[in-house]
Amino acid sequence: MALLPRDPVDARRWQDLNVISSLLKSFFRKLPEPVFTDDKYNDFIDANRIEDAGDRLKTMKKLIQDLPDYYHHTLRYLVGHLKKV
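Quick caveat: nothing in here was measured; it's all calculated off a predicted structure.

S.K.: Give a detailed account of the overall build of the chain, specifying residues and quantitative values.
M.R.: From N to C terminus, the chain includes five helices and zero strands. Overall, the chain shows an N-to-C arrangement of helices and strands of α-α-α-α-α. In the chain, buried positions account for 12% of the 85 residues. Accessible area for the chain stands at about 7400 Å²; split by element, carbon and sulfur atoms hold 56% of it.

Next comes the structure, spelled out in structure tokens:
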């Protein structure tokens, strides 16, 4: 079973950014917990308010490393993909 339709007319709809964006939003909405987990949400907000860029980056990296593995890997994959596009 192919993930994408073989019919070129149907395949064109998968090239539409809005379709891909909608799929991503749907995926993230259906997660049992946000990627930036509920218990760490305020920590991420606080870290983003750190004025010194170096300290902010160090704190954010630590928070991301402390995420559960499945969310950490999802976030790494998503960011890696966004860097490519």
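S.K.: Describe the pattern of salt bridges, and please don't skip the residues or the numbers.
M.R.: Summed over all chains, the structure comprises one salt bridge. Lys 62 serves as the salt-bridge partner of Asp 66, at 3.0 Å between the closest nitrogen and oxygen. Classification of Asp 66 as partly exposed rests on a relative accessible area of 37%. Its relative accessible area of 46% is what places Lys 62 among the partly exposed residues.

S.K.: I'd like a description of the packing of helix H3 (residues 41-48) against helix H4 (residues 53-65), backed by residues and values.
M.R.: Interaxial distance between H3 and H4 falls to 9 Å at its minimum, and their mutual angle equals 165 degrees. Taken together, H3 and H4 sit at an angle that is classed as roughly antiparallel. H4 is crossed by H3, and the crossing has left-handed handedness. Of H4, the residues touching H3 (which contributes Asp 43, Phe 44, Ala 47 and Asn 48) are Arg 56, Thr 59, Met 60, Leu 63 and Ile 64. Its residues assigned to classes, the contact of H3 with H4 shows five nonpolar, two polar and two charged.

S.K.: A description of the packing of aromatic side chains should follow, citing residues and the corresponding values.
M.R.: What characterises a pair of aromatic rings is the spacing of the ring centres plus the angle enclosed by the ring planes. A full pass over the atoms with the stated rule returns three aromatic pairs. Consider the rings of Phe 27 and Phe 28, whose centres lie 5.1 Å apart with planes at 75 degrees: the pair is edge-to-face. On the basis of an interplanar angle of 70 degrees and a centroid distance of 4.7 Å, the ring pair of Phe 36 and Phe 44 is categorised as edge-to-face. Overall, Phe 44 belongs to the buried group, its relative accessible area being 6%.

S.K.: Any chance you could break down a negative patch on the surface for me, citing the residues and the numbers?
M.R.: Together, Asp 38, Asp 39, Asp 43 and Asp 46 give the surface a local cluster of negative charge. Along the polypeptide, Asp 39 turns up in the loop between helix H2 (17-30) and H3.

S.K.: Could you give an account of the environment of His 72, naming the residues involved and the relevant values?
M.R.: Within the secondary structure, His 72 sits in helix H5 (residues 69-84). On a C-alpha basis, the gap between His 72 and Phe 36 in space is 9.0 Å, while along the polypeptide they are 36 residues apart. For His 72, the residues in contact, after removing those within four places along its chain, are Ile 64, Gln 65 and Leu 67.

What counts and what doesn't
Residues numbered from 1 in each chain as written. Predicted model: local features only at pLDDT ≥ 70, side-chain atom pairs only at ≥ 80, totals over all residues. Heavy atoms only, no water. Helix = DSSP H or I, 4+ residues; strand = E, 2+ residues; numbered from the N terminus. Buried < 20%, exposed > 50% of the residue type's maximum accessible area, 1.4 Å probe, protein only. Areas by Shrake-Rupley, 256 points an atom, 1.4 Å probe, with all protein chains shown as cover. Salt bridge = Lys/Arg side-chain N within 4 Å of Asp/Glu carboxyl O. Axes fitted to C-alpha atoms, helices over the stretch in contact; angles between N-to-C directions. Parallel < 35°, antiparallel > 145°, perpendicular 65-115°, else oblique. Left-handed = near helix turned anticlockwise from the far one by under 90°. Contact = heavy atoms within 4.5 Å. Nonpolar A, V, L, I, M, F, W, Y, C, P; charged D, E, K, R; others polar. Phe/Tyr/Trp six-rings, centres within 6.5 Å; stacked < 30°, edge-to-face > 60°. Patch = residues over 30% accessible without salt bridge, like charges linked within 9 Å, V, L, I, M, F, W, Y side chains within 5 Å. Lys, Arg positive; Asp, Glu negative; His and termini not counted. Charge placed at Lys NZ, Arg CZ, Asp CG, Glu CD.

Any functional reading would require information beyond the geometric quantities listed.
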